[in-house]
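The primary structure of each chain is shown beneath.
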Amino acid sequence: MKSWVEISEKRLTANYQLLKNAAGGDTAVLAVVKANAYGHGAAVCAPVLTRAGAPWLGVTDAAEGACVRKALTAAGIDPKKQPQILVMSGPLPEDADKLLSHRLTPVVWQQEQFVWLSAAVTKHNSAPLPIHLEIDTGMARQGVAPGEDLSAVLQWLKNHTTLQLDGVFTHFASSEVAASPQTLLQRKRFEQAIAQIASSGLRPTWVHAGNSSTVDNQGTEENLPWLRTLASTIGARSMVRPGIALYGYCLPIESTNASTPPQPEIEASLQPVMTWKTRIIGLRDIHPGDSVGYNGIFAADKPMRLALLPIGYADGLRRELSASNTRPGGWAMIHGKPAPFVGRVSMNLTIVDVSEIAAVSEAAAVSEITAVSEIEDLALGDEVVILGDGITANDHAHLANTIAYEIVCGVRASSQLSA
Ligand SMILES: *Cc1c(COP(=O)(O)O)cnc(C)c1O
């Protein structure tokens, strides 16, 4: 195996508990495992989150939902005690059968979707299919707008018994912004939608809103007490939907003005869950003037020892972590010490400088380093940490000018559980 991911069951469980406590009250936590659990492996993480107590899991599409359902059963979790699974991206017609056969709950908001799903329920003579209706409160992404459009949807649902309104939800566009006017506007629109549903007579079991940053950024807005109160007006239970925080990361809270300083609630206590590892497949010494990798963007100015790693951008290791003589790049952790990248990250190979970790040569070791006994020797096959303790997804994100979400989602390696 060229590279693999180890998932800390302990940390994933601890992050779930932290989120559950921070959500407060009787607010439930839907654990988002979409996008293959943000690159962590949904089949590995879903059973851990189930054992931690998650009543709901969120997946990308019906195919991923089917995989998660099978993984829960394979992990020995009684089908009757499995969490409900929300399919978070809107369905296409061919998804209907999978939704029914794997007991998945679709997110819907358009007439076409109601028609496809309703036809499948009729065809299979199934019990009414529970659905979650998304309300568009200001992202123009998924969801029906409050007002006329929502009225038409509610009328459709009242006229058909094939679909059952199990949940209503919305998604905030700026949850990491303290005292965000956009969030306040979205709250108002969601309140309007809930009032419309209440007067339609429909009674969903769940009302949900909020992601990781909503739980982290409670500040003066108090979005979670607001959500609980709103859910109770319609006799529903409230729920939040954290994703990235389960895996140990959270966006920094942005402050719009000095009177509302960021007050992160959970960020400092989250623990990264993923350790992405590879192994050394080559070791060599180079001389001053030797250049390294494509285009020779790095050249040695002293004797160096390099280690070759069988990992590259094809595995999701960002090319922006490349290092030239003028721009330092990423680093790996070897035997607990940083090994800086040198040269370009290539498709399947990356080179790191291990001069500080292993003796460059007898002569260099004697002249430059006095305590030779402190030098650990490296060997082919030694483990290397690409992401984990000492090098985080935030470090990668900073170098690649993106967010930790994109870094972890981009990791292409199989996962296994560790303690
Ligand atoms: C991805 C997603 C979430 C989780 O977001 P995080 O920022 O990872 O916590 C919650 N709700 C919806 C609708 C999403 O698409």
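The structure presented is a predicted model; accordingly, all values stated were derived computationally and were not measured. (Residues numbered from 1 in each chain as written. Predicted model: local features only at pLDDT ≥ 70, side-chain atom pairs only at ≥ 80, totals over all residues. Heavy atoms only, no water.)

Asker: Before we move on, could you go through the packing of aromatic side chains and cite the residues and values that matter?
Answerer: Following the criterion strictly, the structure yields six aromatic pairs and no others. Note on W56 and W206: the rings are 6.2 Å apart at their centroids and 90° apart in plane angle, and the pair reads as edge-to-face. Separated by 150 residues along the polypeptide, W56 in strand 3 (residues 56-59) and W206 in strand 8 (residues 206-208) bring together distant segments of the chain. Accessibility classification places W56 together with W206 in one group, the buried group. Ring pairing ties together the aromatic residues Y38, Y247 and Y405, which thus form one cluster. (Phe/Tyr/Trp six-rings, centres within 6.5 Å; stacked < 30°, edge-to-face > 60°. Helix = DSSP H or I, 4+ residues; strand = E, 2+ residues; numbered from the N terminus. Buried < 20%, exposed > 50% of the residue type's maximum accessible area, 1.4 Å probe, protein only.)

Asker: Could you give an account of the site of the ligand, with specific residues and numbers?
Answerer: Surveying the vicinity of the ligand reveals 13 residues, the closest of which are K34, Y38, S212, G243 and Y405. Taking 390 Å² as the accessible area of the ligand by itself, protein coverage stands at 91%. The residue inventory of the shell around the ligand, partitioned by class, reads six nonpolar, four polar and three charged. (Near = heavy atom within 4 Å. Areas by Shrake-Rupley, 256 points an atom, 1.4 Å probe, with all protein chains shown as cover. Nonpolar A, V, L, I, M, F, W, Y, C, P; charged D, E, K, R; others polar.)

Asker: A description of the domain arrangement of the protein should follow, citing residues and the corresponding values.
Answerer: Partitioning the protein into structural domains gives domain 1 (9-266) and domain 2 (274-418). Placing the centre of domain 1 and that of domain 2 at their C-alpha centroids yields a distance of 40 Å. Listed per partner, the contact involves 14 residues of domain 1 and 15 residues of domain 2. Of the roughly 1300 Å² buried at the junction of domain 1 and domain 2 (both faces included), carbon and sulfur atoms supply 63%. The largest share of the area that domain 1 buries against domain 2 comes from H40, V44 and Y249, three residues that together contribute 38% of it. Our enumeration of links across domain 1 and domain 2 arrives at one salt bridge. A salt bridge links D389 to R11, with the nearest nitrogen and oxygen atoms 3.5 Å apart. Inspection of the region where domain 1 meets domain 2 yields four residue pairs in polar contact (both at pLDDT 80 or more). Counting only elements with at least two residues in the side of domain 1 that touches domain 2, the list comes to helix 1 (9-23), helix 2 (34-38) and helix 3 (42-52). Element by element, the count of residues in the side of domain 1 that touches domain 2 is highest for helix 3, at three residues. For the side of domain 1 that touches domain 2, a count of residues per class yields seven nonpolar, four polar and three charged. (Domains from an automatic or database assignment. Contact = heavy atoms within 4.5 Å. Buried area = accessible area lost by both parts, 1.4 Å probe. Salt bridge = Lys/Arg side-chain N within 4 Å of Asp/Glu carboxyl O. Polar contact = N/O pair within 3.5 Å; in protein donor to acceptor, adjacent residues only side chain to side chain.)

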